[in-house]
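Residues per chain, in single letters:
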Amino acid sequence: MLDTCIRRATVIDGLGGPATVADIGIRAGRITAVGTVDDDATETIDGEGLVACPGFIDPHTHYDAQLFWDGTASPSGVHGVTSVIGGNCSFGLAPLREADAPYLRDLLAKVEGMPVEALARGADWGVGGFGTYLDALDGRLAVNAGFLVGHSTLRRLVLGASANERNATDAELLELRRQLADALEAGAPGLLVDLSDFHSDGDGRPVPARGADRDEILSLCTLVGEHEGSTLGGIFSGASRGFTQAEAELVAALSAAADRPLNWNLL
């Protein structure tokens, strides 16, 4: 006896093959059959004319704060999105010193158009470490969610207010690497860097990620490659204007340093 049977749906299984009309049998929360299903079911859904497919993954979202007051990540669910990735554009809520919360709220308001009052009242800005941030969201979400480590957030934590304009010292680079390693071990899937000239903070200064030199970024990417299953993301001017040869070579160098794919968005 099945719990649910979806009848005559147009099934796209995500494996690259053509769509087929089929029944789907579900028992104990798992798909147990796809094709012609003869078993009885407690619930039967008429899927004729509808598409049944795996949930979509949105690799570029800014739900990092919203998920505290909206565990459904609306409106993504109504578009079939079941998994979201945050920490994009090099911004996130962790790791964080509580004293830097106003700066990060103003940054998100400037770059992403989020209301400062909603950010201040709705999210938990005292979570501190990356693992603590994940724990604060655990059990309250209706979507799968992963959060990259934002390079701007990381640099603000370690370099403070001067992160926007200068390179890290040797000691600061060691601390950046330590904080990144802690986040990766806590569950972050990777690192998001920003090498574009698009983003500025609430004071009109370049975002902290743009203060980093090539050596720092390569060092952090290399560290990401030391953690199994990790990935990279980046914001690049070339995504909108067309890549120069130098920028294209840098993107390739970051991916090669980590031996990982690097996701970037075409605008």
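Residues numbered from 1 in each chain as written. Predicted model: local features only at pLDDT ≥ 70, side-chain atom pairs only at ≥ 80, totals over all residues. Heavy atoms only, no water.

## Here we look at the packing of helix H5 (residues 170-186) against helix H6 (residues 214-224)
Heads up, the condition is: Think of each axis as a best-fit line through the C-alpha atoms, taken over the contacting stretch in the case of a helix, with angles from 0 to 180 degrees between the N-to-C directions. Only DSSP runs of H or I with at least four residues qualify as helices, and only runs of E with at least two residues qualify as strands; both kinds are numbered from the N terminus onward. By definition in this entry, angles of less than 35 degrees are roughly parallel, angles greater than 145 are roughly antiparallel, angles of 65 to 115 are roughly perpendicular, and the rest are oblique. For any helix crossing, the convention is left-handed if the near helix is rotated counterclockwise from the far helix by under a right angle, and right-handed if that rotation is clockwise. A contact between two residues is defined here by any heavy atoms of the two lying within 4.5 Å. Any residue that is not Ala, Val, Leu, Ile, Met, Phe, Trp, Tyr, Cys, Pro, Asp, Glu, Lys or Arg is counted as polar, Gly included; the first ten are nonpolar and the last four charged.
Put simply, H5 and H6 touch, their axes get as near as 10 Å, and they point 30° apart. Here H5 lies roughly parallel to H6, going by the angle between them. Seen from above, H5 lies across H6 with right-handed handedness. On the side of H5, the interface is formed by Leu173, Leu176, Arg177, Leu180, Ala181 and Leu184, while H6 contributes Glu216, Ser219, Leu220, Leu223 and Val224. Among the residues forming the contact of H5 with H6, the class breakdown is 8 nonpolar, 1 polar and 2 charged.

## Overview of the sheet that holds strand S6 (residues 56-58)
The test is simple: Paired strands, in this sense, are two strands between which DSSP finds at least two bridges.
Strand order in the open sheet formed by 3 strands is S6-S7-S8, and the pairing between neighbours is parallel. Looking at strand neighbours, the two that pair on one side only are S6 and strand S8 (144-147), the edges of this open sheet. Averaged over all pairs of adjacent strands, the angle between their axes in this sheet comes to 15°, without regard to strand direction. Sheet topology places S6 next to strand S7 (residues 81-86); 3 bridges connect them, and they run parallel. Following the sheet pairing, Phe56 is matched in S7 by Val81.

## Observations regarding H6
Using the following cut-off: Each residue is placed in one exposure class: buried if its accessible area under a 1.4 Å probe, protein chains only, is under 20% of its type's maximum, exposed if it is over 50%, and partly exposed if it falls in between.
Among the 11 residues in H6, 8 count as buried, and that is most of the element. If you check which residues of H6 are buried, you get Glu216, Ile217, Leu218, Ser219, Leu220, Cys221, Leu223 and Val224. Buried residues in H6 make contact with helix H4 (151-159), H5, strand S10 (190-194), strand S11 (231-235) and helix H8 (245-258).

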